[in-house]
Amino acid sequence: MEFEKTPGWLDWYAGPSKPRFKLPAGAVDAHCHVFGPGAEFPYAPERKYTPCDASKAQLFALRDHLGFARNVIVQATCHGADNRAMVDACKASGGKARGVATVRRTITDQELQDLHAAGVRGVRFNFVKRLVDFTPKDELLEIANRIAPLGWHVVIYFEAVDLPELWDFFTALPTTVVVDHMGRPDVSKPVDGPEFELFVKFMRDNPNVWSKVSCPERLSVTGPKALNGEQAAYRDVVPFAKRIVEEFPDRVLWGTDWPHPNLKDHMPDDGLLVDFIPHIAVTAELQQKLLVDNPMRLYWPEEV
Ligand SMILES: O=C(O)/C=C(\CC(=O)C(=O)O)C(=O)O
């Protein structure tokens, strides 16, 4: 099938630089996606955007170029609950990729087992209104209760203003809960202001809650952009991510978010995004936890 990209779509950055920051051995890119290719794995009819293709081979080439050892491939909403592209990538990775799926309540136990065998270790619940239609909470809770016995976790994606309303649902989840992109704080507000304090409280009060300290390129208001060799990109995001890394060093993950769906302003150089990491995880010990120990515990526990 032929797909036409959403108007204004920014394609991922070709020819990223080599990071100056040397990733620790065994580092995991714990948040990235594959898109199609649409001709092989069609985009879902209910999608809210149509991306450019971003294949598994291109993802694996980026992994090797940046110096990561493994990937966690998160189902993107443009594929709906059709997990074939993500599953195909996990299977083709030779054990170097695990996945996070989107499922509906109609999924069978056998299908869950098949996803597990392919390397899936979590489901994603998306509450960002521009990306998905509403799914009733009783359906999500039912799914969470079914995946819990598999040892899977739930990844949640929401915006900071929606946390109060979603709090009771999130704290009722029976599994480890991983928040995408720190719950999308408004970084023009103070890092110790009420909005981000609520997120910190969410993590402090609930020891099963983890956070990805990813996506500075999505959260930044002032930049500068990770382009043209910039070594101090997205400075306004640093205090937020650094605070989470330092308060919860054993419950943080990092990922590139390649191929960076829906960015409107610019497409970052992924090599420079890796150079952002030592600004938020400032010691070798914190870097080791963020990039190796934590993702391994969550996605490859049998190897730890
Ligand atoms: O890639 C991300 O994590 C963020 C996304 C896209 C997304 O989540 C999806 O399509 O599933 C966004 O903010 O548009």
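Look a little higher up for the structure.
Here the structure is a predicted model, which is why all the values come from computation and not from measurement. Just so you know, the residues in each chain are numbered from 1, in the order the chain's sequence is written. Residues qualify for local features only when their pLDDT is at least 70, as the model is predicted, and side-chain atom pairs are given and counted only at 80 or more; totals for whole chains, interfaces and linings, by contrast, use all residues. Derived side-chain values reflect all non-hydrogen atoms in the structure, with water molecules and hydrogen atoms excluded from consideration.

Caption draft 1: Expanded view of the overall build of the protein. Along its length, the protein carries 11 helices and 8 strands. Relative to the globule expectation of 19 Å for 304 residues, the C-alpha radius of gyration of the protein, 18 Å, shows essentially globular dimensions. With respect to the principal axes defined by its C-alpha atoms, the protein has extents near 45 × 45 × 40 Å. Counting only contacts in the protein whose residues sit at least 6 apart along the sequence, the fraction spanning at least 24 positions is 77%. Accessible surface is estimated by sampling points in the Shrake-Rupley manner with a 1.4 Å probe; for residues, cover comes only from the protein chains shown. Approximately 12,400 Å² of the protein is accessible, and the part contributed by carbon and sulfur atoms is 53%. For the charge count, each Lys or Arg is scored as positive and each Asp or Glu as negative, with His and the chain ends excluded. Charge coordinates come from a single atom per side chain, which is NZ of Lys, CZ of Arg, CG of Asp or CD of Glu. Charge separation in the protein, taken as the distance between the mean sites of 35 positive and 42 negative side-chain charges, equals 2 Å. The way it works is that DSSP assigns letters per residue, a run of H or I at least four long becomes a helix, a run of E at least two long becomes a strand, and they are numbered from the N terminus. In this description the radius of gyration comes from C-alpha coordinates, and the expected globular size is given by 2.2 Å times residues to the power 0.38. Residues are treated as being in contact if the distance between any of their heavy atoms lies within 4.5 Å.

Caption draft 2: Structural view of helix α5 (residues 163-171). Only protein chains enter the calculation, and the probe is 1.4 Å; a residue is then buried if its accessible area is under 20% of its type maximum, exposed if over 50%, and partly exposed in between. Those residues of α5 not exposed but buried are Leu163, Leu166, Trp167, Phe169 and Phe170. If you follow the buried residues of α5, they end up packed against β4 (120-126), α4 (137-147), β5 (153-157), β6 (177-179) and α6 (194-205).

Caption draft 3: Summary view of the pairing of strand β7 (residues 209-212). Across the two faces of β7 the burial is the same, with Val209 and Ser211 and Trp210 and Lys212 all buried. A pair of strands is labelled paired if DSSP reports no fewer than 2 bridges between them. Taken together, the 3 bridges between β6 and β7 define a ladder with parallel strand orientation. Paired with Val177 across the bridge in β7 is Val209. Chirality of the crossover, the property in question, places the unit of β6, α6 and β7 among those that are right-handed. Across 2 bridges, β7 lies against strand β8 (residues 252-253) in parallel orientation. In the strand pairing of β8, Ser211 is matched with Val252. Orienting the strands away from the viewer, one traces the path from the first strand over the helix to the second; a clockwise path indicates a right-handed crossover.

Caption draft 4: View of the environment of Thr106. Relative to the elements of secondary structure, Thr106 occurs in the loop between β3 (97-101) and α3 (109-118). C-alpha separation for the pair Thr106 and Ile143, spaced 37 residues apart in sequence, amounts to 9.4 Å.

Caption draft 5: Quick peek at the sheet that holds β4. If you trace the 8 strands from one edge of the open sheet to the other, you get β1-β2-β3-β4-β5-β6-β7-β8, paired in parallel fashion. The strands lining the two open edges of the sheet, one partner per strand, are β1 (28-32) and β8. Of the pairings in the sheet, the one linking β5 to β6 comprises 3 bridges and is parallel in character. Note on β6: the bridge partner recorded for Val154 is Val177.

Caption draft 6: Representation of the pattern of salt bridges. For this document, the term salt bridge refers to a Lys or Arg side-chain nitrogen within 4 Å of an Asp or Glu carboxyl oxygen. Here the structure, examined in full by the defined rule, presents 25 salt bridges. Ionic pairing is found between Asp180 and Arg124, a salt bridge with its closest N-O pair at 2.9 Å. Within this pair, whereas Asp180 is found in the loop between β6 and α6, its partner Arg124 is found in strand β4, the two being separated by 56 residues in sequence. Relative accessible area serves as the criterion here: at 8%, Arg124 is assigned to the buried category. When the shortest N-O distance is used, the salt bridge between Lys189 and Glu195 registers 2.8 Å. You can call Lys189 partly exposed: its relative accessible area is 35%.

Caption draft 7: View of the site of the ligand. The local shell around the ligand holds 15 residues, among which His33, Tyr49, Thr77, Arg124 and Tyr157 are the closest. Any pair of N or O atoms that falls within 3.5 Å is considered a polar contact. Within protein, one atom must be able to donate a hydrogen and the other to accept it, and sequence-neighbouring residues count only if both atoms are side-chain atoms. Side-chain polar atom of His33 to an oxygen atom of the ligand: 2.6 Å apart, as the coordinates give it. In this structure, an oxygen atom belonging to the ligand sits 2.7 Å away from a side-chain N or O atom of Arg130. When isolated, the ligand has an accessible area of 350 Å², and the protein chains bury 100% of it. Neighbouring residues are identified by heavy atoms, a residue being near a molecule or strand if any of them is within 4 Å of it.

Caption draft 8: Region of the structure containing the packing of aromatic side chains. By convention, a stacked pair of Phe, Tyr or Trp rings (six-membered ring in the case of Trp) has centres within 6.5 Å and planes under 30 degrees apart, an edge-to-face pair has planes over 60 apart, and any other such pair is tilted. Applying the stated criterion across every chain, the model contains 18 aromatic pairs. Each ring, one from Phe158 and one from Phe170, has its centre 5.1 Å from the other, and the planes form 45°; the classification is tilted. Here the residue Phe158 occupies a position in the loop between β5 and α5, and Phe170 occupies one in helix α5, the gap between them amounting to 12 residues. Phe170 shares its class with Phe158; the two are buried.

Caption draft 9: Up close: the side chain of Asp236. Relative to the assigned elements, Asp236 resides in the loop between α7 (216-219) and α8 (238-247). There is no salt bridge for the buried Asp236, and the closest opposite charge comes from Arg235, which lies 8.0 Å off by N-O distance. A polar contact of 2.9 Å, which involves the side chain of Asp236, links it to the backbone nitrogen of Thr222. Filtering out sequence-adjacent residues up to four positions away, Asp236 remains in contact with Val187, Ser220, Val221, Thr222 and Gly223.

Caption draft 10: Up close: unusual backbone geometry. The amide bond that connects Gly36 to the next residue, Pro37, takes the cis arrangement and shows omega of 0°. Turning to its location among the elements, Pro37 is positioned in the loop between β1 and α1 (56-66). With an omega of -5°, the peptide bond between Gly223 and Pro224 qualifies as cis. Checked against the element boundaries, Pro224 lands in the loop between α7 and α8. Phi is positive for Met182, which is not a glycine, with a value near 55°. Of note in this structure, Tyr234 is not a glycine but carries a positive phi near 50°. Looking at where Tyr234 falls in the secondary structure, it is placed in the loop between α7 and α8.

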